[in-house]
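# Summary of structural features
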Amino acid sequence: MKLWRLATVICLLSIYGPFHAQAKAAVDFDTATGRDLMQAVYDQHLRYPYIYEEISMVTHDRKGNKETKSLRFFSRAEAINNVKMLLLFDSPQEIEGVAFLARRSEDGALKSELHLPAFEQSMIHNSDDDEGQNFLGTDFSIENLIGEDLNKYFYTRQRDTVLDNAYYYVVDVFHANSDKDERKYLLRRHYLLRDNLFIARTDYFDSIGRLRKRQSAHDLVQVTSNVWNANMRLMEDFLLESKTLVKVNRRIHSADYVPEKVFSSEWLFENGEQHLVPDLDLEMDLESDEHSPSEQANINLTLAEIPAEEVLP
C-alpha cells in the first residue's frame, strides 16, 4: 500500500508467466522454512513486468480529519529485482504533479527521488534511512511500496494459525545481520494465506516489541490460476492513531502503459502535471482489472467499511 504496493515487482516470459525461464522445484510447504515461503510468495504473486494502476487514497488522522488523494502508479521490470516504480499524484490540487520515483537494482540497492513541482526541474534524493519512514503524509513507507529485498532480512517460520476461519502460514522477519540474541527484536510478522500464499496481513513492531503498524489486504481478486492481487490495502498506525486506505480503481498489465521513458526525471518535468497515460492506444486489447460503474462509484469508500481485526497479543 504501494502507498504502496507493494505493491509491484515482476515477470519476464509473459504477462502472466513466471519470471524465471528455468522451472523451480516444488516447495513442500509443510516443511518449508520462512525464507522458502517468502521466496515462493515473490515467485508466485510479485513477478509482473508491467503494471499501471489508477488509485484512490484515503487518510484518516487521530482527530478524525479525512483527506482523499488520487494518483497513478507505474511499475516496470526488466530483470530479476530490477524494478522501476513511479507514483504520480493528480489531486488534490495542492499536491498535483508531486511524484515519487524509485528504482531497485539487481543487487538490491534502492534509489528513490521525490519531485515537487514548486522546485521545477529538480529531484530530491532520499537517503537509505528514509526507506522505512512514512511517505508523503501517509502511513506507508517507501519499503511498503517497493517491497522487501529478501536478502536484507532473516526469516523464521512460526506455528501456522487460524484467523477468521482462514488458515495462515506465519513468518517472522529480522535483520539479516542479527545474531541469535538480537533476533528476539522482531521487525514484522507476515500472515500468508495457506490456500494461495498471498500475504494478507503484516504486523510491524517497534524496538521494544509493541505492535506499531498493521497492513491488511482486502478485496482479493484472482488474476490467473495461482496469482492473486488485492484491490484494497489498509495501513493502520496504532501509535499515531492514523489510517491510510489505498483502493485500486483500474489496473492494466501492459508494457504500452508503462514505457521506459516514464521512469525519468525528464518525462516528469514535461508531463508530471498532465493527466495522461503515455503511449495510450485506445484500440488495443489489454488485460485489465477495471471495475464496473457501480464499483467505480465506491471510490468514496470509508475506512469504517473495512471490518476491524482484533489485535493479537
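For the structure, see preceding data.
Residues numbered from 1 in each chain as written. Predicted model: local features only at pLDDT ≥ 70, side-chain atom pairs only at ≥ 80, totals over all residues. Heavy atoms only, no water.

## Re the pairing of strand β9 (residues 188-193)
- The buried fraction of β9 is high, at five of six residues.
- In this structure, strand β8 (residues 166-175) lies alongside β9, joined through six bridges in antiparallel fashion. When the sheet's bridge partners are listed, Val-171 is paired in β9 with His-190.
- Summarising the sheet, β9 and strand β10 (residues 199-205) pair through five bridges and their orientation is antiparallel. Bridge pairing links Tyr-191 to Arg-201 in β10.
- Counted along the chain from β9 to the antiparallel partner β10, the turn is five residues long, and its residue Leu-197 has a positive phi close to 60°. (Buried < 20%, exposed > 50% of the residue type's maximum accessible area, 1.4 Å probe, protein only. Helix = DSSP H or I, 4+ residues; strand = E, 2+ residues; numbered from the N terminus. Pairing = 2+ DSSP bridges.)

## Regarding the pairing of strand β13 (residues 242-253)
- Taking burial as the measure, the 12 residues of β13 include 11 buried ones, the bulk of the element.
- Taken together, the six bridges between strand β12 (residues 228-237) and β13 define a ladder with antiparallel strand orientation. Opposite Met-235, over in β13, you have Thr-244 as the bridge partner.
- Hairpin remark: β12 followed by β13, antiparallel, with four residues in the connecting loop; positive phi at Glu-241, about 55°.

## Points about unusual backbone geometry
- In this structure, the amide linkage connecting Ser-91 to the following residue, Pro-92, adopts the cis form with an omega of 5°.
- Relative to the assigned elements, Pro-92 resides in the loop between β3 (82-91) and β4 (99-104).
- Positive phi is not limited to glycine here, since Asp-219 has a value of about 55°.
- Inspection of the secondary structure assignment puts Asp-219 in strand β11 (residues 211-222).
- Using a relative accessible area of 39% as the deciding quantity, one classes Asp-219 as partly exposed.
- The phi dihedral of Glu-241 falls on the positive side, at around 55°, and the residue is not glycine.
- Structurally, Glu-241 is set in the loop between β12 and β13.

## Some thoughts on helix α1 (residues 34-45)
- In this model, α1 (12 residues) spans 17 Å end to end at C-alpha, consistent with the 16 Å of a helix rising 1.5 Å per residue.
- Within the span of α1, buried status applies to Gly-34, Leu-37, Met-38, Ala-40, Val-41, Tyr-42, Asp-43 and His-45. (Expected span 1.5 Å × (residues − 1).)

## Overview of the packing of aromatic side chains
- For the coordinates displayed, the defined rule picks out five aromatic pairs.
- Judged by centre distance (6.3 Å) and plane angle (70°), the rings of Phe-74 and Trp-267 are edge-to-face. Of this pair, Phe-74 sits in strand β2 (residues 66-79) while Trp-267 sits in helix α3 (residues 265-271), placing them 193 residues apart in sequence. This pair shows no difference in class: Phe-74 is buried, exactly as Trp-267 is.
- In textbook terms, an aromatic cluster arises when at least three aromatic residues are bridged by ring pairs, as seen for Tyr-52, Phe-74, Tyr-257 and Trp-267.
- The aromatic ring of Tyr-153 is capped on one face by Arg-188, whose charged end is 4.5 Å from the ring centroid. (Phe/Tyr/Trp six-rings, centres within 6.5 Å; stacked < 30°, edge-to-face > 60°. Lys NZ or Arg CZ within 6 Å of the ring centre and 35° of its normal.)

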